[in-house]
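One-letter residues, chain by chain:
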Amino acid sequence: MNESQTVANPLGTERIGKLLRSFAIPGVISMVINSLYNMVDQVFIGQGVGMLGNGATNIIAPIATCAIALSSLFGDGLATYFSLQLGKREPEKASKAVGNAVIAGIGVSILFTVLVQAFLTPLCRVFGATDNILPYAMEYGRVIVLGFPFVIVGVIVNGVVRADGSPRYSMFSMMLGSILNVFLDPLFIFVFNMGVGGAALATIISQFISMALNLAYLFRFKNIKLTRESFRFRFSLAGMLASLGIASCLNTMTSTIIAIVSNNMLTHYGAQSVYGADIPITVFGLCMKVSMLFFSVAMGISSASRPILGFNYGAEKYSRVKKTLYLTLGSATVVMVIAWLIYLIFPLPLIRIFGTESSLYEEFAVKCFRIYLLTSCLGGVQLCAGTLFQAIGKPAMATVVSLAKQVIFYIPAMLVLASVLGLDGVLWAGPLSELLAFFLGGGLMIREIRKMGNTELEETVCQND
């Protein structure tokens, strides 16, 4: 790639608002579609199997989240490295990164699938499966685990498709799989009477189709050309990609840690309450799924900014970096505020999407939405701060910001508050940790913006001299 081609790259020249919209719209759709995979399962399972079936998917969901975390390790790392190298006019390095990320994803996904299949029963127990839920969790899990390689490899490639400037193709590959899942779920559950196993089969077929479409893009990159040399595995390069993606990986993996602690605490304290053990663990999982659907919109906007931030930071265009950040932060915050209002005003209609159950079930659902998501309107700040640090190649800072809410604040708050308030304490830990993460992420982001401003000032002085 020559210099004139690099300068003409729209990431460094196009108007920020237009550029962000072009990436954000398909990015948001892709994120929402990804969230819908499990949510669609739960809607049909709730209608066709009932509460215990939904409880089973909530037990398996954290294990599936680990697969997403592994894909983020190399996928987000690849997208960041790819954008930075294009900004530095090093397309050869970008092409080698793509090949190494794909190879690493294949190897890691196969190993992970084998390990989970071997230890699925104890894993279900670790994630809080009750005696009533365990049989359903095993039926669903045995099938869904087989699709982990499709998920990991597909997500890795999907991220770099967006970074290459093809967000619409990225969206299409995800959308087609999701649409297929919507049609296959009722077919396998209601027509073939396959229960939760049928829902899992529908999901992995859809994931395979999405992966195949993403892999097809390897032959049509706009900014690089893949060769045999691109697929020569280098541990040092794979390690570099993993270091850049570690923040996203840990941020996603913390959901698994949270699930272990929260599911067991919900089961323990729920058994001591009028709700019993099964209702809290099922409802809390559904609450997380619904909130993740809305959060994925903000995440899609934030993720769309990553290649713009990375390219312009690599090209030392700090004013464009800051403008992109401000626009992204404002958009994500608007989305989170709208979602927050929906959580507080319409909790019962939201939970009834997954089927109607007892009055105690619905009573806890309303409480769960209104307490746990009380300060969720602040979530855009931490999200955008983590994206900024990841995009500009500062994985340590990105990791701190990403871990703040889930691990640094939420788990200790949950342990302390639950010991005092019981089941309600598990819920109140959510808004408290969100508030603390807001101040930490916001403070670190402001400090980084000031550093960029100082660098710009120094450069201006040097040019005038």
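Residues numbered from 1 in each chain as written. Predicted model: local features only at pLDDT ≥ 70, side-chain atom pairs only at ≥ 80, totals over all residues. Heavy atoms only, no water.

## As for helix H9 (residues 167-191)
Stated precisely, the cut-off is as follows: Secondary structure elements follow DSSP: runs of H or I no shorter than four residues count as helices, runs of E no shorter than two count as strands, and numbering proceeds from the N terminus. To estimate how far a helix should reach, multiply one less than its number of residues by 1.5 Å.
In this model, H9 (25 residues) spans 36 Å end to end at C-alpha, consistent with the 36 Å of a helix rising 1.5 Å per residue. Asparagine 193 lies just past H9 and shows a positive phi near 55 degrees.

## Topic: the packing of aromatic side chains
Put simply, the rule reads: Note on ring pairs: Phe, Tyr and Trp rings are taken, using the six-membered ring of Trp, and paired if centres are within 6.5 Å. Classes follow the plane angle, with under 30 degrees stacked, over 60 edge-to-face and the rest tilted.
Counted under the stated rule, the structure contains 14 aromatic pairs. A connected cluster of aromatic rings, assembled from ring pairs, spans Phe82, Tyr169, Tyr217 and Phe221.

## Details of unusual backbone geometry
This is how it is decided: The buried label goes to any residue with under 20% of its type's maximum accessible area, the exposed label to any with over 50%, and the partly exposed label to all in between, with areas taken from a 1.4 Å probe on protein chains only.
Phi is positive for arginine 89, close to 65 degrees, though the residue is something other than glycine. Take arginine 89: it is sitting in the loop between helix H4 (51-87) and helix H5 (91-118). A relative accessible area of 39% means that arginine 89 is categorised as partly exposed. Within the chain, glutamate 316 stands out as a residue other than glycine whose phi angle is a positive 60 degrees. Structurally, the position occupied by glutamate 316 is in the loop between helix H12 (278-314) and helix H13 (318-345).

## Focus: the environment of isoleucine 260
The following threshold applies: Contacts are residue-level and defined by heavy atoms, with any inter-residue pair within 4.5 Å sufficient.
Mapped onto the elements of the fold, isoleucine 260 is located in helix H11 (residues 235-271). Relative accessible area serves as the criterion here: at 31%, isoleucine 260 is assigned to the partly exposed category. In this structure isoleucine 260 touches Val126 and Phe127, once residues within four positions along its chain are discounted.

## Regarding the state of the cysteines
Selection rule: Cysteine sulfurs are considered disulfide-paired once they come within 2.5 Å of each other.
In this structure the tally under the stated criterion is zero disulfides. Counting only cysteine sulfurs, cysteine 66 is the nearest neighbor of cysteine 249, a cysteine outside any disulfide, at a range of 8.8 Å. Exposure remark for cysteine 249: the relative accessible area of 6% places this residue in the buried category. Free of any disulfide, cysteine 377 has its nearest neighbouring cysteine sulfur in cysteine 384, separated by 14 Å. The class of cysteine 377 is buried, set by a relative accessible area of 18%.

## Structural notes on the layout of surface pockets
Any empty space left between atoms is shown by rolling a water-sized probe over those atoms. Note the following rule: Note on definitions: the grid is 1 Å and covers protein atoms alone; a cavity is a set of points where a 1.4 Å probe fits but cannot get out; a pocket is an open set with protein on both sides within 12 Å along at least five of seven lines; lining residues have an atom within 4 Å of a point. Grid points are joined across faces, edges and corners, and a volume is the space filled by probe spheres set on the points. By the convention adopted, Pro, Cys, Tyr, Trp, Phe, Met, Ile, Leu, Val and Ala count as nonpolar, Lys, Arg, Asp and Glu as charged, and the other residues, Gly among them, as polar.
The computed volume of the largest pocket comes to approximately 260 Å³. Surrounding the largest pocket, 15 residues form its lining, Asn9, Pro10, Phe23, Asp164 and Gly165 being those nearest its centre. Breaking the lining of the largest pocket down by element, the ones donating at least two residues are helix H2 (10-13) and helix H3 (16-48). At four residues, H3 tops the list of elements feeding residues into the lining of the largest pocket. Of the residues assigned to the lining of the largest pocket, the class counts are seven nonpolar, four polar and four charged.

## A closer look at the confidence of the model for the chain
Rules: pLDDT is a per-residue confidence score from the predictor, ranging from 0 to 100.
Mean pLDDT for the chain: 87, with 95% of residues reaching 70 or above. At the low end of the mean pLDDT range in the chain sits helix H1 (residues 3-7), at 43; at the high end sits helix H7 (residues 134-144), at 95. Low pLDDT (under 50) marks residues 1-7, which in the prediction has ten contacts with non-local residues, meaning those over four places away or in another chain.

## Focus: the pattern of salt bridges
Note the threshold: Salt-bridge detection follows one rule: a side-chain nitrogen of Lys or Arg within 4 Å of a carboxyl oxygen of Asp or Glu.
One pass over the structure, following the stated rule, counts eight salt bridges. Between lysine 367 and aspartate 424 there is a salt bridge, with the nearest N and O atoms lying 3.3 Å from each other. In this pair, lysine 367 is assigned in helix H15 (residues 359-372) and aspartate 424 in helix H18 (residues 423-464), connecting sequence segments 57 residues apart. Salt bridges sharing common partners tie together Glu229, Arg232 and Arg234.

## Description of a positive patch on the surface
Threshold: Nonpolar side chains (Val, Leu, Ile, Met, Phe, Trp, Tyr) are joined into patches within 5 Å and like charges within 9 Å, using only residues with over 30% relative accessible area and no salt bridge. Surface accessibility follows the Shrake-Rupley procedure with a 1.4 Å probe radius. Residue values consider only the protein chains on display as shielding. By the counting scheme adopted, Arg and Lys are positive, Glu and Asp are negative, and His together with the chain ends is not counted. Taken as the charge centre is NZ of Lys, CZ of Arg, CG of Asp or CD of Glu, depending on the residue.
Together, Arg15, Lys18, Arg21 and Lys323 make up a region of like positive charge exposed at the surface. Relative to the elements of secondary structure, arginine 15 occurs in the loop between H2 and H3.

## Section: the packing of H4 against H12
What counts, and what does not: In this analysis, axes come from line fits to C-alpha atoms, helices being fitted only over the stretch in contact, and the angle between any two N-to-C directions falls in the range 0 to 180 degrees. For classification purposes, an angle smaller than 35 degrees is called roughly parallel, one larger than 145 roughly antiparallel, one from 65 to 115 roughly perpendicular, and anything else oblique.
Orientation of H4 relative to H12, taken along the N-to-C sense of each, is 5 degrees, at an axis distance of 11 Å. One finds that H4 runs roughly parallel with respect to H12. Counted by class, the contact of H4 with H12 contains eleven nonpolar, eleven polar and four charged residues.

## A closer look at empty space enclosed by the protein
Across all of its chains, the model carries three cavities of 30 Å³ or more by this definition. Approximately 60 Å³ is the volume attributed to the second largest cavity. Phe23, Ala79, Gly159, Arg162, Ala163, Ser303, Ala304, Arg306 and Pro307 together form the lining of the second largest cavity. Those elements that place two or more of their residues in the lining of the second largest cavity are helix H8 (148-163) and H12. Split by residue class, the lining of the second largest cavity holds five nonpolar, two polar and two charged.

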